Amino acid sequence: MVRRIIGACLYIGIRQINLLEVLIYVKSKQILLACPSVPAKGLYLVRIIYPKNIFQSNF
């Protein structure tokens, strides 16, 4: 999924697809078939930033 999202970002950058089309695909929970999947080479997760209160319980 991440590779398809990056492909969509690249297509937006070269004006092959617009942001509205991507939002429609994501909202309808369809795979971004109109966009290429980028190769996995060098694509990795650097960090995750969580909101400070996400792990606080409400009990």
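Read on for an overview of the structure. Since we're looking at a predicted model, the values are computed, not measured.

1. Observations concerning helix H1 (residues 2-13)
Taking 1.5 Å of rise per residue, 12 residues should cover 16 Å, and H1 covers 17 Å from first to last C-alpha, within 8% of that figure. Arginine 15 sits one or two residues past H1 and shows a positive phi near 60°.

2. A few points about unusual backbone geometry
The backbone of arginine 15 sits at a positive phi, close to 60°, despite the residue not being glycine. The residue arginine 15 is located in the loop between H1 and helix H2 (19-27) in this model. Judged by its relative accessible area of 76%, arginine 15 falls in the exposed class.

3. Digging into a nonpolar patch on the surface
Among the surface-exposed residues, Leu45, Ile48, Tyr50, Ile54 and Phe55 lie close enough to one another that they form a single nonpolar patch of about 600 Å² accessible area. With respect to the helices and strands, the residue leucine 45 is situated in the segment after H2. Judged by its relative accessible area of 64%, leucine 45 is exposed.

4. Observations concerning the environment of methionine 1
In this structure, methionine 1 sits in the segment before H1. Classification of methionine 1 as exposed rests on a relative accessible area of 60%. Sequence separation between methionine 1 and serine 37 is 36 residues, and the spatial gap between their C-alpha atoms is 8.4 Å.

5. Concerning the environment of asparagine 18
One can find asparagine 18 in the loop between H1 and H2. Classification of asparagine 18 as partly exposed rests on a relative accessible area of 40%. A C-alpha to C-alpha distance of 9.0 Å links asparagine 18 and alanine 8, two positions 10 residues apart in sequence. Looking at asparagine 18, its side chain comes within polar contact range of the main-chain nitrogen of leucine 20, at 3.2 Å. Within the structure, the side chain of asparagine 18 is placed 2.8 Å from the backbone nitrogen of glutamate 21, a separation counted as a polar contact.

Rules and cut-offs
- Residues numbered from 1 in each chain as written.
- Predicted model: local features only at pLDDT ≥ 70, side-chain atom pairs only at ≥ 80, totals over all residues.
- Heavy atoms only, no water.
- Helix = DSSP H or I, 4+ residues; strand = E, 2+ residues; numbered from the N terminus.
- Expected span 1.5 Å × (residues − 1).
- Buried < 20%, exposed > 50% of the residue type's maximum accessible area, 1.4 Å probe, protein only.
- Patch = residues over 30% accessible without salt bridge, like charges linked within 9 Å, V, L, I, M, F, W, Y side chains within 5 Å.
- Areas by Shrake-Rupley, 256 points an atom, 1.4 Å probe, with all protein chains shown as cover.
- Salt bridge = Lys/Arg side-chain N within 4 Å of Asp/Glu carboxyl O.
- Polar contact = N/O pair within 3.5 Å; in protein donor to acceptor, adjacent residues only side chain to side chain.

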